[in-house]
Amino acid sequence: VGFAIHRVETPVYQAKATLYSFIYYQKVTDVRLSEYDEDVTINTIQSVMLSNLVIGKVLENAGNAGIPIDYTTFMDQMSIYRSLTNYELFYRDRDPRIAQIIVNIWAQTGLSTLKGLQEAGAVPPYLTVELQNLAELPQSPSYSQTNSYVLSGAILGLLAGLFVPSIFYPKFLKKPATGKK
């Protein structure tokens, strides 16, 4: 039941863009970076990508591209994951073209904002970030809640299996007569 409901639901497509980062150690002159400092420096990327400055520009640029989107919708449909020094940006939408456009706007806007902050001195100059790849048009839907639907269907099936017989066949639930009076 749950699997069938999941397949009937309108599909959601997910597009992915990737940013690549590294620390350019020849630009580090005044301090020796510990592993913690390196990690915090690389996490600056996520802080910038999720900042109100970047998200505001993404929403504005999407609106200019003819895709009206609000802050809540964007935050509900996006995700960002760090894999070592790569950041993967994801956006989900029922229209694959919109998912692709939004995540590409987000990647390009975030990268240009990050470089602007770096020139202003707000981001360390030894952090190098480049766009590894823009999102391609998703070809197949992303089924992200299949397990939840299947579990829901199994629980409904169990409950139906327990309660339907008791409603239609109540005589089987009565205690058998013991023969004593």
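Look up: the structure comes first, before these words.
Residue numbers restart at each chain and count upward from 1, following the sequence in its written direction. Local features in a predicted model are, by the rule used here, given only for residues with pLDDT of at least 70; side-chain atom pairs are given and counted only at 80 or more, and totals for whole chains, interfaces and linings are based on all residues. With hydrogens and water stripped out, all remaining heavy atoms of the structure feed into the side-chain values.

Caption draft 1: Looking closely at the environment of N52. Working definition: helices are DSSP H or I runs of at least four residues, strands are E runs of at least two. Numbering for both runs from the N terminus. With respect to the secondary-structure elements, N52 resides in helix α3 (residues 52-64). Burial here depends on accessible area, computed with a 1.4 Å probe over protein chains only, as a share of the maximum for the residue type. Under 20% is buried, over 50% is exposed, and the range in between is partly exposed. Accessibility expressed as a relative area gives 60% for N52, which makes it exposed.

Caption draft 2: Structural context of α3. In this scheme, a helix's expected span is set at 1.5 Å multiplied by one less than its residue total. Compared with the 18 Å implied by 1.5 Å per residue over 13 residues, the 18 Å span of α3 between its first and last C-alpha is a close match. Packed against the buried residues of α3 are α2 (35-49), α4 (71-77) and α5 (96-119). At the C-terminal side of α3, G66 shows a positive phi close to 85°. Any pair of residues with heavy atoms lying within 4.5 Å of one another is described as a contacting pair.

Caption draft 3: Highlighting the pattern of salt bridges. In the sections that follow, a salt bridge refers to a side-chain nitrogen of Lys or Arg positioned within 4 Å of a carboxyl oxygen of Asp or Glu. Overall, the coordinates contain three salt bridges when judged by the stated rule. Between E88 and K16 there is a salt bridge, with its nearest N and O atoms 3.6 Å apart. A residue pair is termed long-range when its members are at least 10 positions apart, and E88 in strand β3 (residues 86-93) and K16 in strand β1 (residues 13-23) qualify at 72 residues. Under the relative-accessibility criterion, E88 is labelled partly exposed at 22%.

Caption draft 4: The arrangement of α2 in detail. Helix length check: α2 (15 residues) gives 22 Å between terminal C-alpha atoms against 21 Å at 1.5 Å per residue, within 8%. Taken together, the buried residues of α2 touch β1, α3, β2 (78-83), β3, α5 and β4 (127-133).

Caption draft 5: Representation of the side chain of T113. Turning to its location among the elements, T113 is positioned in helix α5. In this structure T113 touches V48, L53, V54 and K57, once residues within four positions along its chain are discounted.

Caption draft 6: Focus on the sheet that holds β1. Two strands qualify as a pair provided that DSSP identifies no fewer than 2 bridges between them. Pairing within the open sheet is antiparallel, and its four strands lie in the order β2-β3-β1-β4. This sheet does not close on itself; its edge strands, each paired only once, are β2 and β4. Between one strand axis and the next, the sheet turns by 25° as a mean value, whatever way the strands run. Both β2 and β3 contribute to a ladder of six bridges, which runs antiparallel. Its bridge partner lying in β3, R82 is registered against Y87. Angles here are taken between N-to-C directions and fall from 0 to 180 degrees, while the axes themselves are lines fitted to C-alpha atoms, restricted in helices to the stretch in contact. Relative to the sheet, α2 contacts β1, β2, β3 and β4, its axis offset from that of β1 by approximately 145°.

Caption draft 7: Inspection of the packing of aromatic side chains at higher detail. Here a pair means two rings of Phe, Tyr or Trp (six-membered ring of Trp) with centres within 6.5 Å. Their orientation is stacked below 30 degrees between planes, edge-to-face above 60, and tilted elsewhere. On inspection of all chains with the given rule, the structure shows four aromatic pairs. Look at Y20 and F22: their rings are 5.7 Å apart centre to centre, the planes differ by 40°, and that puts the pair in the tilted class. By relative accessible area, F22 is classed as partly exposed at 30%. A centroid spacing of 5.4 Å and a plane angle of 85° characterise the contact between F74 and W106, whose relative ring orientation is edge-to-face.

Caption draft 8: Region of the structure containing the nonpolar core. Only buried Ala, Val, Leu, Ile, Met, Phe, Trp, Tyr and Cys residues count toward a nonpolar core, and they belong to the same one when joined by side-chain atoms within 4.5 Å. I45, F74, L89, Y91, I102, V103 and W106 are the most contacted members of the largest nonpolar core, which has 37 residues in total. Sorting the residues of this core by element identifies β1, α2, α3, β2, β3, α5 and β4 as the ones contributing at least two each. Counting residues per element, this core draws most heavily on α5, which supplies nine residues. Setting aside anything within four residues of it in sequence, one finds Y91 in contact with Y13, Q14, A15, I69, T73, F74, Q77, M78, A99, I102 and V103.

Caption draft 9: Expanded view of the packing of α2 against α5. Remark: α2 packs on α5, axes separated minimally by 9 Å, with the N-to-C direction vectors making an angle of 120°. In the packing of α2 onto α5, the handedness of the crossing is right-handed. Contact residues: I45, V48 and M49 in α2; W106, A107, G110, L111, T113, L114 and L117 in α5. Asp, Glu, Lys and Arg are counted as charged, while Ala, Val, Leu, Ile, Met, Phe, Trp, Tyr, Cys and Pro are counted as nonpolar; the rest, among them Gly, fall into the polar class. For the contact of α2 with α5, the per-class residue count stands at eight nonpolar, two polar and no charged. Handedness of a crossing is defined here by the sense of rotation of the near helix relative to the far one, left-handed for an anticlockwise turn of less than a right angle and right-handed for a clockwise turn.

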